[in-house]
Amino acid sequence: MFSAIARILRTPDLRRKIGFTLAIIAIYRFGAHIPAPFVNFPNVQSCIDQTAGTDGLLSLVNLFSGGALLQLSIFALGVMPYITATIITQLLRVVIPHFETLYKEGQAGQSKLTQYTRYLTIALALLQSTTLVTVARTGQLFGAPSIPDCNTLLVNDAWWAQLLMIITMTAGTGLIMWFAELVTERGIGNGMSLLIFTSIAATFPAAMGAIWASNGFEIFLLVLAVGVVVVALVVFVEQSQRRIPVQYAKRMVGRRTYGGTNTYIPIKVNTAGVVPVIFASSLLYIPALIAQFNTPTDTAPPAWVTWISTYLTTGDHPLYMAVYFLLIIGFTYFYVAITFNPVEVADNMKKYGGFVPGIRAGRPTAEYLDYVLTRITLPGSIYLGLIALIPLIALATVGANQNFPFGGASILIIVGVGLETVKQIDAQLQQRHYEGLLR
């Protein structure tokens, strides 16, 4: 390992790229601790200490922002607006033919789609920052109106002060987006993925320290051992793929022979990534949000509000876990059906003279690819559901909150981004020294 690090440091171009990436990450983490204008920072910290964060969708957004959301910093929204905009743009390709046409146009079309994603990111950041400032002003950000500090998170709630906070948080999202593009262009790895990785990794020490302080050293060691096993399993599944063999027929163009090669189509077990977990968390938060706005302060809440509060807001309830698990399976099939089109893949293979051995080109190939994809998505969706349930099981057993470090969206992103970045560093080393990161 030390010899691999030495080879990285001896390569000037790679050393410069990694240094630039680390500098951007340091600036990003520094900005996550700078409070927005007119924020009562001592009260915010006091409220965080007394409530130990929050649950539901805000917990997920706070995780992706590295804790900046609940601190009401200038980077409070983090990368969540960009993630949401990217997912919406992918879904619109199915609904709007113009988006699908742009996707197939190559570099020019991809640049146009990226521009649309940027505009949508700013619009979503404007909407989310308005919602965040409004919730902070009303004292509902932490869901603890009985705590006095949580009711006075802002030192000035005039309209112009709120407008300045909204503009600052929206500008912070635009700056994060620019940072991510700079890292992708001049650094190493995917910029947005690395910023998400940084945000989640920044919460690990505090989460592990909270488990040690509340449950003792023995539980801490147990959680650490479970974490090592979970990471190993996630690495194994994330690297697993079903390889469909493809052969290309030989064809003569002038005096040259093309084709005649054997390759394969790699279909990952977890094709959908972490998106189904985000979808399911967001959808489960909607009933809790509706119930929260329909809870009267002076009378008893309606029966349906009580039912939702009992069964669909606490992650340690079995019904909540079952619904969460089933939603993840459903969203996995939905997202895979959108992102992988067997008919398009079969048509491209037929166009270039490719075929799956034993399967006729055209429609039979598309049906075969759809059959394989449906079969392999089932274990992938169950795997996603089980990984996502780890924080909820930890909440019910050892009392850890839903930001449990070794499970859910956090571990999937940490492992996925880590593997991809190591692959890029390995490719850079092989390009220059003819040997990879590890011999």
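Residues numbered from 1 in each chain as written. Predicted model: local features only at pLDDT ≥ 70, side-chain atom pairs only at ≥ 80, totals over all residues. Heavy atoms only, no water.

**Observations regarding the packing of helix H6 (residues 97-104) against helix H7 (residues 107-138)**
Part 1 of the argument: Orientation of H6 relative to H7, taken along the N-to-C sense of each, is 130°, at an axis distance of 6 Å. In terms of orientation, H6 lies oblique with respect to H7. Here His98, Phe99, Leu102 and Tyr103 of H6 come into contact with H7, specifically with Gly109, Gln110, Lys112, Leu113 and Tyr116.
Part 2 of the argument: Across the contact of H6 with H7, the residue classes tally to five nonpolar, three polar and one charged. (Axes fitted to C-alpha atoms, helices over the stretch in contact; angles between N-to-C directions. Helix = DSSP H or I, 4+ residues; strand = E, 2+ residues; numbered from the N terminus. Parallel < 35°, antiparallel > 145°, perpendicular 65-115°, else oblique. Contact = heavy atoms within 4.5 Å. Nonpolar A, V, L, I, M, F, W, Y, C, P; charged D, E, K, R; others polar.)

**Some words on H6**
For an α-helix the count is 3.6 residues per turn, leaving residues at separations of three or four pointing the same way.
Part 1 of the argument: Along H6, the residues classified as buried are Phe99, Glu100 and Leu102. All buried residues of H6 lie within an arc of 160° about the axis, which places them on one face of the element. Seen from the buried face of H6, the exposed residues on the opposite side, beyond 90 degrees, are Pro97 and Lys104.
Part 2 of the argument: Buried-residue contacts for H6 involve helix H5 (80-95), H7 and helix H13 (342-351).
Part 3 of the argument: One or two residues past the end of H6 sits glycine 106, with phi positive at roughly 85°. (Buried < 20%, exposed > 50% of the residue type's maximum accessible area, 1.4 Å probe, protein only. Arc of directions from axis to C-beta.)

**Structural notes on unusual backbone geometry**
Part 1 of the argument: Positive phi outside glycine occurs at phenylalanine 38, with the angle close to 65°.
Part 2 of the argument: As for its placement among the helices and strands, phenylalanine 38 is situated in the loop between helix H2 (12-31) and helix H3 (41-51).

**Some remarks on the sheet that holds strand E4 (residues 262-268)**
Hydrogen bonding along the main chain pairs the strands of a sheet, whether they run parallel or antiparallel.
Part 1 of the argument: Pairing in this open sheet of three strands is antiparallel, and the strands run E4-E1-E5 from one edge to the other. What marks the edges here is a single partner per strand, and that holds for E4 and strand E5 (354-355).
Part 2 of the argument: Note that strand E1 (residues 241-248) and E5 share two bridges and pair antiparallel. Bridge pairing in E5 places glutamine 247 opposite phenylalanine 355. (Pairing = 2+ DSSP bridges.)

**Remarks on the confidence of the model for the protein**
Part 1 of the argument: Summarising the model, the protein shows a mean pLDDT of 81, and 86% of its residues fall at 70 or more.
Part 2 of the argument: Ranking the elements of the protein by mean pLDDT puts helix H4 (residues 57-64) last, at 65, and helix H8 (residues 159-186) first, at 91. (pLDDT = per-residue confidence, 0-100.)

**Section: the pairing of E1**
Part 1 of the argument: Two strands pair when backbone bridges link them, and E1 and E4 are joined in this way by seven bridges, in the antiparallel orientation. Paired with isoleucine 244 across the two strands is isoleucine 265, which belongs to E4.

**So, the packing of H5 against helix H12 (residues 318-339)**
Part 1 of the argument: Where H5 meets H12, the axes come as close as 10 Å, and the angle between the chain directions of the two elements is 65°. By the criterion of interaxial angle, the relationship of H5 to H12 is roughly perpendicular. The hand of the H5/H12 crossing is left-handed. The residues of H12 that touch H5, namely those facing Gln90, Leu91 and Val94, are Phe334, Tyr335 and Ile338. (Left-handed = near helix turned anticlockwise from the far one by under 90°.)

**Brief notes about the nonpolar core**
Part 1 of the argument: Formed by 64 residues in total, the largest nonpolar core has its most connected members in Val79, Val234, Ile267, Val277, Tyr324, Ile387 and Leu412.
Part 2 of the argument: In terms of residue count, helix H14 (residues 363-397) provides more of this core than any other element does, eleven residues in total.
Part 3 of the argument: With 23 residues, the next largest nonpolar core counts Ala76, Ala125, Leu141 and Phe142 among its residues. (Core = buried A, V, L, I, M, F, W, Y, C linked by side-chain atoms within 4.5 Å.)

**Details of the pattern of salt bridges**
Part 1 of the argument: What the rule picks out here adds up to five salt bridges.
Part 2 of the argument: Its salt-bridge partner being glutamate 238, residue lysine 268 comes within 3.8 Å of it at the nearest N-O pair. Pair noted here: lysine 268 is in strand E4 and glutamate 238 is in helix H9 (residues 191-239), with a separation of 30 residues, a long-range link.
Part 3 of the argument: By relative accessible area, which is 35% here, lysine 268 ends up partly exposed. (Salt bridge = Lys/Arg side-chain N within 4 Å of Asp/Glu carboxyl O.)

**Some points on the environment of alanine 125**
Part 1 of the argument: Along the chain, the position of alanine 125 falls in helix H7.
Part 2 of the argument: Judged by its relative accessible area of 0%, alanine 125 is buried.
Part 3 of the argument: Taking the C-alpha atoms as reference, alanine 125 lies 7.2 Å from leucine 77; in sequence the two are 48 residues apart.
Part 4 of the argument: Those residues in contact with alanine 125 that sit more than four places away from it in its chain are Leu77, Pro81, Thr170 and Thr173.

**Points about H12**
Part 1 of the argument: With 22 residues, H12 extends 32 Å between its outermost C-alpha atoms, agreeing within 8% with the 32 Å of an ideal straight helix rising 1.5 Å per residue.
Part 2 of the argument: Along H12, the residues that are buried comprise Tyr320, Met321, Tyr324, Phe325, Ile328, Ile329, Phe331, Thr332, Tyr335, Val336 and Ile338. (Expected span 1.5 Å × (residues − 1).)

**Regarding a nonpolar patch on the surface**
Part 1 of the argument: The grouping of Trp159, Trp160, Leu163 and Ile167 at the surface amounts to a nonpolar patch, some 500 Å² of accessible area in total.
Part 2 of the argument: The topology assignment puts leucine 163 in helix H8. (Patch = residues over 30% accessible without salt bridge, like charges linked within 9 Å, V, L, I, M, F, W, Y side chains within 5 Å. Areas by Shrake-Rupley, 256 points an atom, 1.4 Å probe, with all protein chains shown as cover.)

**What about the side chain of threonine 170?**
Part 1 of the argument: Structurally, the position occupied by threonine 170 is in helix H8.
Part 2 of the argument: In this view, threonine 170 contacts Ile122, Ala125, Leu126 and Ser129; residues no more than four positions away in its chain are not counted.

**Here's the deal with the packing of aromatic side chains**
Part 1 of the argument: For the coordinates displayed, the defined rule picks out eleven aromatic pairs.
Part 2 of the argument: Geometrically, the ring pair formed by tyrosine 28 and phenylalanine 75 is stacked, given 6.0 Å between the ring centres and 20° between the ring planes. One end of the pair, tyrosine 28, is in helix H2; the other, phenylalanine 75, is in the loop between H4 and H5, with 47 residues separating them in the sequence. Of the two residues examined, tyrosine 28 and phenylalanine 75, each falls in the buried class. (Phe/Tyr/Trp six-rings, centres within 6.5 Å; stacked < 30°, edge-to-face > 60°.)

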